[in-house]
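Report on the structure
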Amino acid sequence: SMASPALLMRVVASAYSVAEKAATIVRNVMSAGDLGIVEKAGPNDLQTKADRLVQMSICASLARKFPKVTIIGEEELPTDDVTEDLIEDGHCEEILKKPCPAQYTGIKEEELVIWVDPLDGTKEYTEGLLDHVTVLIGIAYGGKAIAGVINQPYYNYEAGANAALGRTIWGVLGMGAFGFQLTEAPAGKHIVVTTRSHSSALVNECIAALKPDHVIRVGGAGNKIIQLIEGKASAYVFASPGCKKWDTCAPEAVLHAVGGKITDIRGNSFQYNKEVKHMNSAGVLATLRNYDYYASRIPNTVKESLVP
């Protein structure tokens, strides 16, 4: 008989279904019309009813199946008394059928840390820029992002009333990434994707130094990594603190699974063990290809301004 699937594949398969449930919640909150917006640290740091419900759904659903896994979510919320209608018990069969990469077959529950951003791009969500929004579930082992699920609840939302909304992208290191068409940015073009709502003099100085042909300003870290893996941008550059571990864990795993690279602005890789501080205080530099080209052009003045 077949050996039962390795823990990692069971976690990823569950996270896939949990992310699809999350997308349904995100769409339902929007269509019901009352977003329940709360300002956290200011007008660019918002939380909606969708952030709250989705986080409760993801964390409670995964904790019920994998009680020894550490789960860290963006929102400060109680985890008890989550209503049954928020629990997703399913999993993606197709993922369970894939063999686990050998280096991860012996992982135990207590060795995994799951970083959850229930709604990445909240500000854009409140402004109706729905294609910027993602749900992020990142899975870390030994401090490294090794698997990730990125759901875009509103993928295809401009394709008309009968279009199937949403998609789920997922990846595992040593296996690859699925749910999208991997595309490289046009050769010789330097297209930089950066923040839409958290700009600063330093952010702009850093981008100017790269002499880009084009700059795309969009919300959400998940969305920016999608721009890289679908060939719409050649580098994601954010020379500022503000991004957190739950923003980068899932996107990092997907990007690394297809041979890309993400670090802070100074070239340090991110650590995802449960004790780590949540803020990526030295910003983000990511590419699908040609990482060194961009890294070598980041000004030292910019690097010195950002302390990891």
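Residues numbered from 1 in each chain as written. Predicted model: local features only at pLDDT ≥ 70, side-chain atom pairs only at ≥ 80, totals over all residues. Heavy atoms only, no water.

Under an unreviewed UniProt entry, the name given to the chain is 3'(2'),5'-bisphosphate nucleotidase 1, and the organism recorded is Cnemophilus loriae. In its Cofactor (unreviewed entry) section, the UniProt record describing the chain reads: "Mg(2+)". According to UniProt, the comment filed for the chain under the heading Sequence similarities (unreviewed entry) is "Belongs to the inositol monophosphatase superfamily." (UniProt positions renumbered as here; feature names shortened; annotations may be inferred.)

Let's shift gears to the pairing of strand β4 (residues 112-120). Burial analysis of β4 places 9 of its 9 residues in the buried class, the great majority of the element. In terms of strand pairing, strand β3 (residues 70-73) meets β4 through 4 bridges, oriented parallel. By the bridge assignment, Gly73 is partnered in β4 with Val116. Pairing of β4 with strand β5 (residues 134-141) involves 7 bridges; the strand directions are antiparallel. Bridged to Asp120 within β5 is Thr134. (Buried < 20%, exposed > 50% of the residue type's maximum accessible area, 1.4 Å probe, protein only. Helix = DSSP H or I, 4+ residues; strand = E, 2+ residues; numbered from the N terminus. Pairing = 2+ DSSP bridges.)

What follows deals with the domain arrangement of the chain. Domain annotation of the chain identifies domain 1 (7-178) and domain 2 (191-305). Computed from C-alpha atoms alone, the centre-to-centre distance between domain 1 and domain 2 is 21 Å. Between domain 1 and domain 2, the residue contacts involve 41 residues of the former and 30 residues of the latter. Taken together, the links from domain 1 to domain 2 amount to 3 salt bridges. Between Glu230 and Arg167 there is a salt bridge, with the nearest N and O atoms lying 2.8 Å from each other. Counting every contact that joins domain 1 to domain 2 gives 9 residue pairs in polar contact (both at pLDDT 80 or more). (Domains from an automatic or database assignment. Contact = heavy atoms within 4.5 Å. Salt bridge = Lys/Arg side-chain N within 4 Å of Asp/Glu carboxyl O. Polar contact = N/O pair within 3.5 Å; in protein donor to acceptor, adjacent residues only side chain to side chain.)

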